[in-house]
Amino acid sequence: MKLKTLAVLVCLIIAVSLSQSSLRAQVMIDMSKVTCADYLAMPPDKSRTFSAWMSGYFNQKLGYAWVDLNAFARNIANVKQWCTSYPNETVMTGLKWATAKQNQ
């Protein structure tokens, strides 16, 4: 029951943060073209939203239907560390490489 409550809470937090950003002008972003340098330069609020979106996208691709907040925080730290070494690569490239290694 705690896990279900936690999942609902995470969804509500994401919904609230996204609804607040909808008060501003809408912008289209091609997530596949965001470089590591772009990601590392994002302000904290945009970085959190970007990280949540990418996490959801890749978790769905891997078939996960749950949220592990500890793994989420660890994954963000790992991606940011990887990005410092490869600033000209896209974040999507790094995540595809990392998830391919997980599935081997």
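Residues numbered from 1 in each chain as written. Predicted model: local features only at pLDDT ≥ 70, side-chain atom pairs only at ≥ 80, totals over all residues. Heavy atoms only, no water.

**Quick look at the state of the cysteines**
Applied cut-off: The disulfide criterion is simple: two cysteine sulfur atoms within 2.5 Å. Helix numbers and strand numbers start at the N terminus; a helix is a DSSP run of H or I with at least 4 residues, a strand a run of E with at least 2. Each residue is assigned to one of three classes by its accessible area relative to the maximum for its type, calculated with a 1.4 Å probe on protein chains only: buried under 20%, partly exposed between the two thresholds, exposed over 50%.
Summed over all chains, the structure comprises 1 disulfide. The disulfide partner of Cys36 is Cys83, and the gap between their sulfur atoms is 2.3 Å. Given an S-S torsion of about -50 degrees, the disulfide between Cys36 and Cys83 has left-handed geometry. Of the two residues, Cys36 sits in helix H2 (residues 36–41) while Cys83 sits in helix H4 (residues 69–85), which places them 47 residues apart along the sequence. For Cys36, a relative accessible area of 0% corresponds to the buried category.

**Thoughts on the nonpolar core**
Definition in use: Working definition of a nonpolar core: buried Ala, Val, Leu, Ile, Met, Phe, Trp, Tyr and Cys residues. They are joined through side-chain atoms within 4.5 Å. We call two residues in contact whenever any of their non-hydrogen atoms come within 4.5 Å of each other.
Formed by 13 residues in total, the largest nonpolar core has its most connected members in Tyr39, Phe50, Met54, Val79, Cys83, Val91 and Leu95. For this core, the elements supplying multiple residues, two or more each, are H2, helix H3 (44–61), H4 and helix H5 (91–102). Once residues within four sequence positions are removed from consideration, Val91 is found in contact with Val34, Thr35, Cys36, Tyr39, Phe50, Met54, Val79 and Cys83.

**So, the environment of Asp30**
Quick note on the threshold: Two N or O atoms count as a polar contact when they lie within 3.5 Å, although within protein this holds only if one can serve as hydrogen donor and the other as acceptor, and sequence-adjacent residues are included solely when both atoms are side-chain atoms.
Along the chain, Asp30 falls in the loop between helix H1 (2–21) and H2. At 2.6 Å, the side chain of Asp30 and the side chain of Ser32 are in polar contact.

**Notes on the environment of Gly56**
Structurally, the position occupied by Gly56 is in helix H3. Overall, the relative accessible area of 38% leaves Gly56 in the partly exposed class. In the structure, Gly56 is positioned 16 residues away from Phe72 in sequence and 9.8 Å away in space, judged by C-alpha atoms.

Functional significance is not addressed by these values, which are geometric in nature.
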